[in-house]
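Overview (structure and organization)
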2 protein chains.
Amino acid sequence: MSAAAALLRSHHLPVTAQRLAILHAVSRNPHATADLIAEAVRGELGSISRQAVYNALGVFAEKGLIRRIQPSGSAARYEDRVGDNHHHLVCRSCGQTVDVDCATGETPCLHALDDAGYEIDEAEVVYWGTCPRCLKQKK
Amino acid sequence: MSAAAALLRSHHLPVTAQRLAILHAVSRNPHATADLIAEAVRGELGSISRQAVYNALGVFAEKGLIRRIQPSGSAARYEDRVGDNHHHLVCRSCGQTVDVDCATGETPCLHALDDAGYEIDEAEVVYWGTCPRCLKQKK
DNA sequence: GGATTTTTTTGACAATGTCCATTTCTTGAA
DNA sequence: TTCAAGAAATGGACATTGTCAAAAAAATCC
């Protein structure tokens with residue numbers, strides 16, 4: 001039994017070919033959108049429905065197997081790297097996303113000063129800019 | 001001449017009834033979506049096209065007259081409050097958004113440790129949670 | 001193996017934006 | 001004041017991203 005299958009089982013999730021392929025695709029394509037993941041899975045399985053991709057990604061994100069990040073103006077992206085504290089750097093023109101560690105240490109900005117009665121469960125930091133390739137194209 | 005008109009002129013933007021109404025609507029409806037703003041403008045002008053709203057909001061945001069924030073799973077929202085350093089607290093279930101000041105001081109998390117060659121122009125912090133009203137409904 | 005539960009598929013639908021061509025308006029200058 | 005040029009607004013089509021619901025298929029548990 002593969003490690004991925006074991007991971008699913010440990011979260012009481014039925015193991016299916018689609019889910020294994022989706023996990024695999026997320027792992028091999030960091031910061032991919034649902035659409036890109038569907039494409040990758042099609043390369044592996046032949047076909048998959050859009051809904052299966054959304055279902056699986058939703059469940060995985062909910063269980064903490066993967067992390068969903070939703071930069072402005074772009075579709076949601078998914079990544080393998082969970083459980084640590086890192087943020088993202090997103091290119092405004094092409095949407096390319098890379099991981100960055102935060103400048104201010106271990107748990108930066110994780111607590112708002114005034115929570116306005118909210119129950120806060122996550123702080124998301126996104127750096128916006130232009131990636132090297134797009135910078136070059138502009139000039 | 002109104003202050004809003006002067007503001008537009010100072011940015012070399014032609015002054016139109018639609019733009020004035022949009023500025024007004026953004027100012028009176030903090031964190032409103034494009035759709036809500038269109039509604040507000042219709043209350044003032046009678047009608048406006050969707051495209052005019054998107055155009056104006058886009059230009060205003062680009063020029064720094066307003067700020068655009070794009071929480072996950074919700075449409076983009078716009079606000080009047082620019083030039084200061086504040087973040088947002090977004091309810092996962094109803095999308096309600098409130099301003100928060102950051103816990104770590106003046107310019108928190110504004111510089112990534114490793115910029116990966118990117119030219120960074122903004123750092124966006126979003127706190128995710130559940131608002132008091134939705135908390136109550138759950139129970 | 002067989003029943004039950006969950007997932008996957010398929011198709012329709014909704015929300016948020018964008019693109020394009022045409023019309024209308026604003027601006028700046030004669 | 002009026003005119004020409006440029007910019008913005010309109011209206012309609014379209015793309016993307018995601019959700020909903022019902023039926024078919026597959027996985028799990030006993």
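Attention here is on the structure that accompanies the text. Quantities reported herein were computed from a predicted structural model and do not represent experimental measurements.

**Observations regarding the environment of Ile 66 of chain A**
Residue and element names in this part refer to chain A. With respect to the helices, strands and loops of the structure, Ile 66 is situated in the loop between α4 (50-63) and β2 (67-69). Assessed through its relative accessible area of 2%, Ile 66 is described here as buried. Considering only alpha carbons, one finds Ile 66 and Val 82, 16 residues apart in sequence, at a separation of 6.2 Å. Those residues within four positions of Ile 66 in sequence are excluded, and the remaining contacts are Leu 23, Val 26, Leu 57, Phe 60, Ala 61, Tyr 78, Glu 79 and Val 82.

**A few points about the protein's contact with DNA strand C**
For DNA strand C, the set of nearby residues contains 19 residues, the closest of which are Thr 16, Arg 19 and Ser 49 of chain A together with Gln 51 and Ala 76 of chain B. A distance of 2.5 Å is found between a phosphate oxygen of DNA strand C and a side-chain nitrogen or oxygen belonging to Thr 16 of chain A. Among the elements of the structure, α2 (17-28) and α4 of chain A together with α4 (50-63) of chain B are those that each provide at least two residues to the surface near DNA strand C. The biggest single contributor to the surface near DNA strand C is α4 of chain A, with four residues.

**Some remarks on the protein's contact with DNA strand D**
Near DNA strand D there are 18 residues, and of these Gln 51 of chain A together with Thr 16, Gln 18, Arg 19 and Ser 49 of chain B occur at the shortest range. Within the backbone of Val 15 of chain A, one N or O atom sits 3.0 Å away from a phosphate oxygen of DNA strand D. Contact between DNA strand D and Arg 19 of chain B: a phosphate oxygen at 2.8 Å from a side-chain N or O atom of the residue. Contributions of two or more residues to the surface near DNA strand D are made by α4 of chain A together with α2 (17-28) and α4 of chain B. The residue makeup of the surface near DNA strand D, split by class, is eight nonpolar, six polar and four charged.

**Here's the deal with the packing of helix α3 (residues 34-45) of chain A against α4 of chain A**
Residue and element names in this part refer to chain A. Look at α3 against α4: their axes get within 10 Å of each other, and the N-to-C directions meet at 115°. One way to sum up the angle between α3 and α4 is to call them roughly perpendicular. Classified by chirality, the crossing of α4 by α3 is right-handed. Along its contact with α3, which presents Ala 34, Ile 37 and Ala 38, the element α4 presents Val 53, Tyr 54 and Leu 57. Among the residues making up the contact of α3 with α4, the classes are represented as six nonpolar, no polar and no charged.

**Some words on the sheet that holds β2 of chain A**
Residue and element names in this part refer to chain A. Read across the sheet, three strands follow the order β1-β3-β2 without closing on themselves; strand pairing throughout is antiparallel. Two strands lie at the open edges of the sheet, namely β1 (32-33) and β2, each paired on one side alone. Across two bridges, β1 lies against strand β3 (residues 77-79) in antiparallel orientation. Bridge pairing in β3 places Thr 33 opposite Arg 77.

**Looking at unusual backbone geometry**
Phi at His 12 of chain A is positive, roughly 60°, even though this residue is not glycine. For His 12 of chain A, a relative accessible area of 72% puts it in the exposed group. For His 31 of chain B, which is not a glycine, the phi torsion comes out positive at approximately 70°. Tracing the backbone through its elements, the reader meets His 31 of chain B in the loop between α2 and β1 (32-33).

**Things to note about the layout of surface pockets**
Of the voids in this model, the second largest pocket is the one considered here, and its volume is about 460 Å³. Along its surface, the second largest pocket is lined by 22 residues, and Ala 61, Arg 68, Gln 70 and Glu 122 of chain A together with Arg 92 of chain B are the ones closest to its centre. Breaking the lining of the second largest pocket down by element, the ones donating at least two residues are α4, β2 and β6 (119-130) of chain A together with β4 (86-91) of chain B.

**Let's talk about the pattern of salt bridges**
All names here are of chain A. Taken as a whole and assessed by the stated rule, the structure comprises six salt bridges over all chains. A salt bridge links Glu 79 to Arg 67; its shortest N-O distance comes to 3.7 Å. Placement of Glu 79 in strand β3 and of Arg 67 in strand β2 is noted, with a sequence separation of 12 residues between them. Each member of the pair, Glu 79 as well as Arg 67, carries the same accessibility label: buried. Arg 81 is the partner of Asp 99 in a salt bridge, and the nearest nitrogen-oxygen pair spans 3.1 Å. Taken as a pair, Asp 99 in strand β5 (residues 97-101) and Arg 81 in the loop between β3 and β4 (86-91) lie far apart in primary sequence, 18 residues in all. The partly exposed category is assigned to Asp 99, whose relative accessible area is 28%.

Criteria and cut-off values
- Residues numbered from 1 in each chain as written.
- Chains lettered and ligands numbered in written order.
- Predicted model: local features only at pLDDT ≥ 70, side-chain atom pairs only at ≥ 80, totals over all residues.
- Heavy atoms only, no water.
- Helix = DSSP H or I, 4+ residues; strand = E, 2+ residues; numbered from the N terminus.
- Buried < 20%, exposed > 50% of the residue type's maximum accessible area, 1.4 Å probe, protein only.
- Contact = heavy atoms within 4.5 Å.
- Near = heavy atom within 4 Å.
- Polar contact = N/O pair within 3.5 Å; in protein donor to acceptor, adjacent residues only side chain to side chain.
- Nonpolar A, V, L, I, M, F, W, Y, C, P; charged D, E, K, R; others polar.
- Axes fitted to C-alpha atoms, helices over the stretch in contact; angles between N-to-C directions.
- Parallel < 35°, antiparallel > 145°, perpendicular 65-115°, else oblique.
- Left-handed = near helix turned anticlockwise from the far one by under 90°.
- Pairing = 2+ DSSP bridges.
- 1 Å grid on protein atoms, 1.4 Å probe; cavity = no way out; pocket = protein on both sides within 12 Å on 5 of 7 lines; lining within 4 Å.
- Points joined across faces, edges and corners; volume = space filled by probe spheres on them.
- Salt bridge = Lys/Arg side-chain N within 4 Å of Asp/Glu carboxyl O.

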